[in-house]
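# Coordinate analysis (summary)
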Amino acid sequence: MPDAPPPDPAGPAPAKGTALDDGAPYDAAGLERGRKLFAGGCDFIAGIVPGADFPPPDLAEIAFAGRSNVGKSSLINALTGRRALARVSNTPGRTQQLNFFRLGEAGRPGLSLVDLPGYGYAKAPKRDIARWTALTQDYLKGRVGLRRVCLLVDARHGLKDGDIAIMELLDEAAVIYQVVLTKADKLKSGELANVQAAVAKALARRVAAHPRLVVTSAETGTGIAELRAELAELTQS
Ligand code: GTP
Ligand code: MG
């Protein structure tokens, strides 16, 4: 009797038509890697204001960008399982500096997370807006170690002009960005599907866009485990 073929080192191929066949790291091992990474320590490192130096880029870094009030700080809190790591507010424009966090246990592969000031908040003084915008743009264009930008888009509103402007900047700077829809709890599933389709269509034309959208709710936890798995793929070993 012939020997059985050796097991495929990559493991069994995911079944066609499931969420796994587009390369998403959402199998049990990927989800567990994500869970472990985000269950480890997470420390605030620095809040950077215009004129200050960024912390040294010694870890793979993920930035969270998006319109004011879209839910950046809430998403970071949901990912890290902390209620108030990144400050959350009903007042748009609350995050007024670049906040750096370090995720993971000492001596293990970790990630740096960066909560960016939101754009599109018209009520702040013009001079302040110009300074944060310049700081954020400098960061996004020139940051060594920036592996991905999570571009948060409110699922109720879809892409706005400010989002398109950031996408253009990131396309030009060749920085990969992935759209994360937020506040999915506020929509019915049919409405959500329409927004997903419209955003996916707009992303298809963009050079630095990651093709996969992640749908999340910081309120209900939808998509949080999946986003952890996505981001855990980016740690340096
Ligand atoms: P800035 O720092 O001003 O740019 O805002 P931000 O993008 O950090 O938004 P933040 O996390 O402060 O959230 C803004 C508001 O949206 C708060 O009232 C949150 O409670 C609310 N919010 C955030 N995420 C969700 C969500 O998934 N579902 C619902 N229903 N509300 C959310
Ligand atoms: Mg914020």
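Heads up: these notes are all about the structure in this document. (Residues numbered from 1 in each chain as written. Chains lettered and ligands numbered in written order. Predicted model: local features only at pLDDT ≥ 70, side-chain atom pairs only at ≥ 80, totals over all residues. Heavy atoms only, no water.)

### Some points on the packing of helix 3 (residues 126-142) against helix 4 (residues 161-173)
Note the threshold: Here an axis means a line fitted to C-alpha atoms, over the contact stretch when the element is a helix, while the angle between two N-to-C directions is reported on a 0 to 180 degree scale. A run of DSSP states H or I qualifies as a helix once it reaches four residues; a run of E qualifies as a strand once it reaches two. Both are numbered from the N-terminal end. The crossing is said to be left-handed when, going from far helix to near helix, the turn is anticlockwise and less than a right angle, and right-handed when the turn is clockwise. When checking whether two residues touch, look at their non-hydrogen atoms; a contact exists if any pair is within 4.5 Å. By the convention adopted, Pro, Cys, Tyr, Trp, Phe, Met, Ile, Leu, Val and Ala count as nonpolar, Lys, Arg, Asp and Glu as charged, and the other residues, Gly among them, as polar.
Two elements in contact, helix 3 and helix 4, have axes separated by 9 Å at closest approach and are oriented at 35°. Along this stretch, helix 3 crosses helix 4, giving a crossing that reads as right-handed. Residues Gln137, Leu140 and Lys141 of helix 3 form the contact with helix 4, whose participating residues are Ile166, Leu169, Leu170 and Ala173. Tallied by class, the residues present in the contact of helix 3 with helix 4 amount to five nonpolar, one polar and one charged.

### What to know about the sheet that holds strand 6 (residues 177-182)
What counts, and what does not: The pairing criterion is simple: DSSP has to find at least two bridges between the two strands.
The sheet built from seven strands is open, its strands ordered 1-3-4-2-5-6-7 with mixed pairing. In this open sheet, the two edge strands, each paired with only one partner strand, are strand 1 (42-48) and strand 7 (214-215). Where strand 6 lies against strand 7, two bridges are found, and the strand directions are parallel. If you follow Leu181 over to strand 7, its bridge partner there is Val215. Along the sheet, helix 2 (residues 72-80) contacts strand 1, strand 2 (61-66), strand 3 (98-103), strand 4 (111-115), strand 5 (146-154) and strand 6; its crossing angle with strand 2, the most-contacted strand, is approximately 140°. In the packing of helix 5 (residues 189-204) onto the sheet, the strands contacted are strand 6 and strand 7, and the crossing angle to strand 6 comes to about 165°.

### Some points on the side chain of Ser112
This is how it is decided: Contacts described as polar in this section are N or O atom pairs within 3.5 Å, which, within protein, must combine one atom able to donate a hydrogen with one able to accept it, while residues neighboring in sequence count only if both atoms come from side chains.
Take Ser112: it is sitting in strand 4. Here the side chain of Ser112 touches Glu61 through a polar contact of 2.8 Å, side chain to side chain. If we ignore the near neighbours within four places in the chain, the residues touching Ser112 are Leu59, Ala60, Glu61, Ile62, Phe100 and Phe101.

### What about the pattern of salt bridges?
Which entries qualify depends on this criterion: What makes a salt bridge here is a side-chain nitrogen of Lys or Arg within 4 Å of a carboxyl oxygen of Asp or Glu, nothing more.
One pass over the full model with this rule turns up nine salt bridges. Note that Arg33 is salt-bridged to Glu233, the shortest N-O span being 3.2 Å. Here Arg33 is found in helix 1 (residues 28-39), whereas its partner Glu233 is found in the segment after helix 6 (224-232), with 200 residues between them in sequence. Among the ionic pairs, Arg148 bridges to Glu230, the shortest N-O distance being 3.3 Å. You can see Arg148 sitting in strand 5 and its partner Glu230 sitting in helix 6, a full 82 residues away along the chain.

### As for the environment of Val149
Note on placement: Val149 falls in strand 5. In the structure, Val149 is positioned 31 residues away from Val180 in sequence and 9.8 Å away in space, judged by C-alpha atoms. Filtering out sequence-adjacent residues up to four positions away, Val149 remains in contact with Ala63, Ala65, Leu140, Leu170, Val175, Ile176, Tyr177 and Gln178.

### Notes on helix 4
Which entries qualify depends on this criterion: Take the residue count of a helix, subtract one, and multiply by 1.5 Å to get its expected span. Whether a residue is buried, partly exposed or exposed follows from its accessible area with a 1.4 Å probe, protein chains only, as a fraction of its type maximum: under 20%, in between, or over 50%, in that order.
The end-to-end C-alpha distance of helix 4 is 18 Å, a good match for the 18 Å that 13 residues give at a rise of 1.5 Å each. Within helix 4 the residues assigned to the buried category are Asp163, Ile166, Met167, Leu169, Leu170 and Asp171. Structurally, helix 4 contributes buried residues whose contacts are with helix 3, strand 5, strand 6 and helix 5. Two residues or fewer past helix 4, Ala174 is found with a positive phi of approximately 55°.

### Focus on unusual backbone geometry
One non-glycine residue, Ala174, adopts positive backbone phi at about 55°. Tracing the backbone through its elements, the reader meets Ala174 in the loop between helix 4 and strand 6. A residue is classified by how much of its surface remains accessible, and Ala174, at 62% relative accessible area, is exposed. For Lys183, which is not glycine, the phi torsion reads 60° and is therefore positive. Tracing the backbone through its elements, the reader meets Lys183 in the loop between strand 6 and helix 5.

### Structural notes on the pairing of strand 3
With five of its six residues buried, strand 3 lies for the most part within the structure. Here strand 1 runs beside strand 3; their pairing, made up of six bridges, is antiparallel. Note on strand 3: the bridge partner recorded for Gly47 is Asn99. By the bridge criterion, five bridges tie strand 3 to strand 4 in an arrangement that is antiparallel. Within strand 4, the residue paired with Leu103 across the bridge is Leu111.

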